[in-house]
Each structure stands twice: as structure tokens, then as C-alpha cells.
Amino acid sequence: MQNLGNHQKKTQSVFVSSLEWFANFTAVVITFFGTPLAYDLTAPFVREFTRNHYSHEFVWVADGCWFFIVGGLVFFGARATTATLILSGGIVLAARLWG
């Protein structure tokens, strides 16, 4: 009986890690395509804000940092959204199959 419990845990672990890998891979693809678009929309505001509130000499630092900040926001937002959609879809599917 103990082997059956271990088998179920291993199967569940493989399933959960597969979902995590899928969410990560999807987030990487979304980040690849989404970061340049989000950066291009927001970079002029960040440059102008930096120029007005700090100095024109600091613009290149803020600009470089902003690219990585946008990339991180897009990646983690996409990962959280993808994971939530996968889990929600699984719950809905399970409810329809067994409910």
C-alpha cells in the first residue's frame, strides 16, 4: 500500500513540474515578444522623467535599468498569468469530468 502512495506522489510531482516548465517556457516566449513592445511604449516617459527629475547624465543608466525592469515585469506577469490559467483550466476540467 505504501508503494501506491509513493507512486501517486511521484506522478503528481512530475505533473506539477511539467506545469511549471510549461509556464516558464510560455513566459519566456511572451517575454521575448512582449518586452520590446512594452519597453518602446514606456521608455520615452522614463527618459523624460529622469531628465527632468535627476539629470540628463543619468538617462543612460535609467534607460538600461528600465529595459531589465520591464523584462522582469513581463516575465513574472506572464508566468503568474500562465500558471493561474493552467490551474484554473484544470479545476474547471476536473469539475466537468467528475462533478
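What comes next is a walk through the structure. (Residues numbered from 1 in each chain as written. Predicted model: local features only at pLDDT ≥ 70, side-chain atom pairs only at ≥ 80, totals over all residues. Heavy atoms only, no water.)

**Digging into the overall build of the protein chain**
For clarity, the cut-off: Only DSSP runs of H or I covering at least 4 residues are called helices, and only runs of E covering at least 2 are called strands; the numbering of each starts at the N terminus. Throughout, exposure labels follow a simple rule: accessible area from a 1.4 Å probe, protein chains only, divided by the maximum for the residue type, with under 20% read as buried, over 50% as exposed, and the rest as partly exposed. Whether two residues touch is decided by their heavy atoms; if any such pair falls within 4.5 Å, the residues are in contact. Using a 1.4 Å probe, accessible areas were evaluated by the Shrake-Rupley method; residue-level cover was limited to the displayed protein chains.
Helix and strand counts for the protein chain stand at two helices and zero strands. Expressed as a percentage of the 99 residues in the protein chain, the buried residues total 18%. Within the protein chain, residue pairs in contact and separated by at least 24 positions form 74% of the contacts whose partners lie at least 6 positions apart. Of the accessible surface of the protein chain, which amounts to about 7900 Å², a share of 72% is contributed by carbon and sulfur atoms.

**Notes on the packing of aromatic side chains**
Test applied: Side-chain rings of Phe, Tyr and Trp, where Trp is taken by its six-membered ring, are said to pair if the distance between their centres is within 6.5 Å; with planes under 30 degrees apart they count as stacked, over 60 as edge-to-face, and otherwise as tilted.
Scanning all chains against the criterion turns up six aromatic pairs. Between the aromatic rings of Phe-32 and Phe-33, the centroid separation amounts to 5.0 Å while the plane-to-plane angle is 85 degrees, which identifies the pairing as edge-to-face. What makes Phe-32 exposed here is its relative accessible area of 61%. Judged by its relative accessible area of 54%, Phe-33 is exposed. On the numbers, 6.0 Å between centres and 35 degrees between planes, the contact of Phe-45 with Phe-49 is tilted. With Phe-45 and Phe-49 both in helix H1 (residues 2-53) and four residues apart, this pair spans about one turn of that helix. Among the aromatic residues, ring-to-ring pairing joins Tyr-39, Phe-67 and Phe-68 into one connected group.

**Things to note about helix H2 (residues 59-98)**
An α-helical turn contains 3.6 residues, so any two residues separated by three or four positions project in the same direction. Formally: Here the expected length of a helix is defined as 1.5 Å per residue gap, with one fewer gap than residues.
Under the 1.5 Å per step criterion, the end-to-end length of H2 is 57 Å for 40 residues, consistent within 8% with the ideal 58 Å. The set of residues buried in H2 consists of Val-59, Ala-62, Asp-63, Val-70, Gly-71, Val-74, Phe-75, Ala-78 and Thr-82.

**Re the side chain of Asp-63**
For clarity, the threshold we go by: As used in this structure description, the phrase polar contact means that two N or O atoms lie within 3.5 Å; if the pair is within protein, one of them must be able to donate a hydrogen and the other to accept it, and residues adjacent in sequence are counted only when both atoms belong to side chains.
Note on placement: Asp-63 falls in helix H2. Under the relative-accessibility criterion, Asp-63 is labelled buried at 18%. Among the polar contacts made by the side chain of Asp-63, one reaches the side chain of Arg-47 at a distance of 3.2 Å. Apart from the residues lying within four places of it in its own chain, the contact partners of Asp-63 are Tyr-39, Ala-43 and Arg-47.

**A short note on the pattern of salt bridges**
Pairing is possible between side chains of opposite charge, provided their charged atoms come close. Condition: A side-chain nitrogen of Lys or Arg and a carboxyl oxygen of Asp or Glu constitute a salt bridge if their distance falls within 4 Å.
Considering all chains together, one arrives at two salt bridges under this definition. The partner of Arg-51 in a salt bridge is Glu-48, with the nearest N and O atoms 3.2 Å apart. Placement of the pair is Arg-51 and Glu-48 together in helix H1, with a separation of three residues, close to one helical turn.

**As for the environment of Trp-21**
For Trp-21, the location among the structural elements is in helix H1. The sequence separation of Trp-21 and Ala-83 amounts to 62 residues, and the corresponding C-alpha distance is 9.9 Å.

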